[in-house]
Amino acid sequence: MIMTDQQRRDTLGIYGCDWIPTPNLDRLGEAGTVFAHCTVDNPICTPSRASIFTGKPVPDHAVRRVHDNLPAEEVLFTKRLRQEAGYRTALFGKLHVSSRVQEERERHPHDGFDIYEWCLEPSVSMQSPLNGYAAWLRETAPDFFAALQRNGRKELHHPEAVHMSKWAADRTITFIQSMKAERQPFFCLMSLFDPHDPYEDYPLTFRNCIDAAKIPDPVVSRTTQPGCVRQEQQGSYLGRFSDFSPEEIRKIRLGYAASIAFLDVQVGRVLAALDEAEMTEDTLVIFISDHGDQLGDHGLFVKGVALYEPTVGVPLLLRWPGRTIAGTRCTALAQGRDVAATCLAAAGLDTRSCPESEDLVVMASRNAARRSSAICAYRNSGVNDSGSFWDPPMLATMARDQRFKLTLYTSGGLSERELFDLQTDPQETINLSGDPDYTEIEIKLLNDIAAFLHNEAATATPRATSSIPNAIQRLQNRIK
């Protein structure tokens, strides 16, 4: 499983991107199934990843915000692969199913990894004894290790030889080579930080991979946006959109693209290692990201309450020779949490522990999902420019089918809706909510949101304790 951080769907050639070179990921997609409509369960790292690794929607695993911790009783699917199916399991890179502060101190009791070389991002938590990348740097590149410690995210253009993406690929390749000699099934998670902001850690040699003339301008909405979206525009932790010049936004996009071009090379190296080990025909490969990045579209940066496609739509590629058909495109409503059931089913395990997660192999074969809508739920999940959660809290719930998408925003007692026709308006520039011609579809999607909210309320942890009357204390209420 290869996972990137904050990579929107439209950044791969296999999805129609013509300004970022991604030949290796494109070949992966051509050799398997490309999912056209994969939607994340939440647009923020921690809740989204908790869904991916538990197979549960946000209310069920209770990780709603970026600094929440996955409850100790939750079990990652990797634990079941190791414990019930005898898999050798390895992590190289980012996990982030709990807060950064928690993960730098201790592992989740049910993460399930035999090899645990964790790293949230290159310059964060470098003193953590769990940080595999920092430990490797300390031994092999002490000068760069010191520079990262000194400069943090301001250390720009990390050299290719010591870049975190290359380190994760190197460790993954070594693991693959070690497994060739064993008769044991394995699960390996290569989890990268790129192309996450601050966008300038890419090796300088990859700047020329991007044709600056082809970098698209940000999408501009043509209808008034909801109050929550406008608040995010003004208070984004990356900075207020109106304070950035077109040249600065173009620079952000160039750095983002260069990071993707570089990580694509690393993916190619890993896939080549599978070929060399003669394991390709017997290995399921999954490529996915935890959420996307607005990159200035709709007047927004990074991710947050606004549930537009650049944030909630991610690439999802699946290759399993003999089980997936090369060159197929699946339009079913896949979600991030479906990875769990897919991996469990591939190992021959039951998926009753995550009934809301669907086997992507089956979904691809039928080009259909059980769910009628994909749901994305933001629960005051991200932070504002002061590093605090929004006050009053901002909530957003999105439901989409193959064509239409409805988002319900609520904050401070007010609620607003956006409805988009993704077929005629894929950039989501015209809000159709309230248009009589679309009343039927709006009501249908609103009912799907209402059903999700009902289930969310039912699974919420009760705040009150109970004192149940015993037989003697019960009142006699019958009068007839």
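This text follows the structure it describes.
Here we summarise the structure given alongside this text. None of the values given here were measured: they were computed from a predicted structure.

1. Notes on the overall build of the protein chain
- Secondary structure summary: the protein chain contains 14 helices and 12 strands in total.
- For 480 residues, the compact-globule estimate of 2.2 N^0.38 gives 23 Å, and the protein chain sits close to it at 23 Å.
- Summarising its shape, the C-alpha atoms of the protein chain cover approximately 80 × 55 × 45 Å along the three principal directions.
- The proportion of buried residues among the 480 residues of the protein chain is 59%.
- Put simply, of all contacts in the protein chain between residues at least 6 apart along the chain, 71% involve residues at least 24 apart.

2. Comments concerning the sheet that holds strand β11 (residues 404-411)
- An order of β9-β10-β11-β12 is seen for the 4 strands of this open sheet, with the pairing classed as antiparallel. Pairing within the sheet leaves two strands with one partner each, and these edge strands are β9 (374-379) and β12 (414-421). Direction aside, neighbouring strands of the sheet carry axes that sit 10° apart on average.
- Its contacts with the sheet put helix α9 (residues 227-235) on β9, β10 (394-400), β11 and β12, and the angle it makes with β11 is roughly 75°.
- Across the sheet, helix α14 (residues 439-459) lies against β9, β10, β11 and β12, angled at about 50° from β11, the strand it touches most.

3. Observations concerning helix α7 (residues 142-151)
- Those residues of α7 not exposed but buried are Phe-144, Phe-145, Ala-147 and Leu-148. End-on, the buried residues of α7 take up no more than an arc of 160°, which puts them together on one face. Pointing more than 90 degrees away from the buried face of α7 are the exposed residues Asp-143 and Arg-150.
- The secondary structure elements touched by the buried residues of α7 are α6 (132-140).

4. Focus on the nonpolar core
- Core analysis: the largest hydrophobic core is formed by 67 residues, its most contacted members being Met-1, Phe-35, Phe-53, Phe-77, Leu-95, Phe-187 and Leu-189.
- Broken down by element, this core gets its largest block of residues, 5 residues, from helix α12 (residues 338-346).
- In contact with Phe-187, not counting residues within four places along its chain, are Met-1, Phe-77, Thr-78, Leu-81, Tyr-87, Arg-88, Thr-89, Ala-90, Phe-113, Phe-175 and Cys-343.
- Counting 64 residues, the second largest nonpolar core, distinct from the first, contains Phe-186, Leu-254, Leu-274 and Ala-277.

5. Brief notes about the pattern of salt bridges
- As enumerated under the stated definition, the model contains 32 salt bridges in all.
- Residue Asp-350 is joined to Arg-352 by a salt bridge in which the shortest nitrogen-to-oxygen separation is 3.4 Å.
- Residues joined in a network through salt bridges with shared partners are Arg-9, Glu-309, Arg-400, Lys-405 and Glu-428.

6. A few points about the packing of α6 against α7
- Look at α6 against α7: their axes get within 6 Å of each other, and the N-to-C directions meet at 130°. Between α6 and α7, the crossing angle belongs to the class labelled oblique. Contact residues: α6 offers Tyr-133, Ala-134, Leu-137, Arg-138, Glu-139 and Thr-140, while α7 offers Pro-142, Phe-144, Phe-145 and Leu-148.
- Partitioned by chemical class, the residues of the contact of α6 with α7 number 7 nonpolar, 1 polar and 2 charged.

Conventions adopted
Residues numbered from 1 in each chain as written. Predicted model: local features only at pLDDT ≥ 70, side-chain atom pairs only at ≥ 80, totals over all residues. Heavy atoms only, no water. Helix = DSSP H or I, 4+ residues; strand = E, 2+ residues; numbered from the N terminus. Rg over C-alpha atoms; globule rule 2.2 N^0.38 Å. Buried < 20%, exposed > 50% of the residue type's maximum accessible area, 1.4 Å probe, protein only. Contact = heavy atoms within 4.5 Å. Pairing = 2+ DSSP bridges. Axes fitted to C-alpha atoms, helices over the stretch in contact; angles between N-to-C directions. Arc of directions from axis to C-beta. Core = buried A, V, L, I, M, F, W, Y, C linked by side-chain atoms within 4.5 Å. Salt bridge = Lys/Arg side-chain N within 4 Å of Asp/Glu carboxyl O. Parallel < 35°, antiparallel > 145°, perpendicular 65-115°, else oblique. Nonpolar A, V, L, I, M, F, W, Y, C, P; charged D, E, K, R; others polar.

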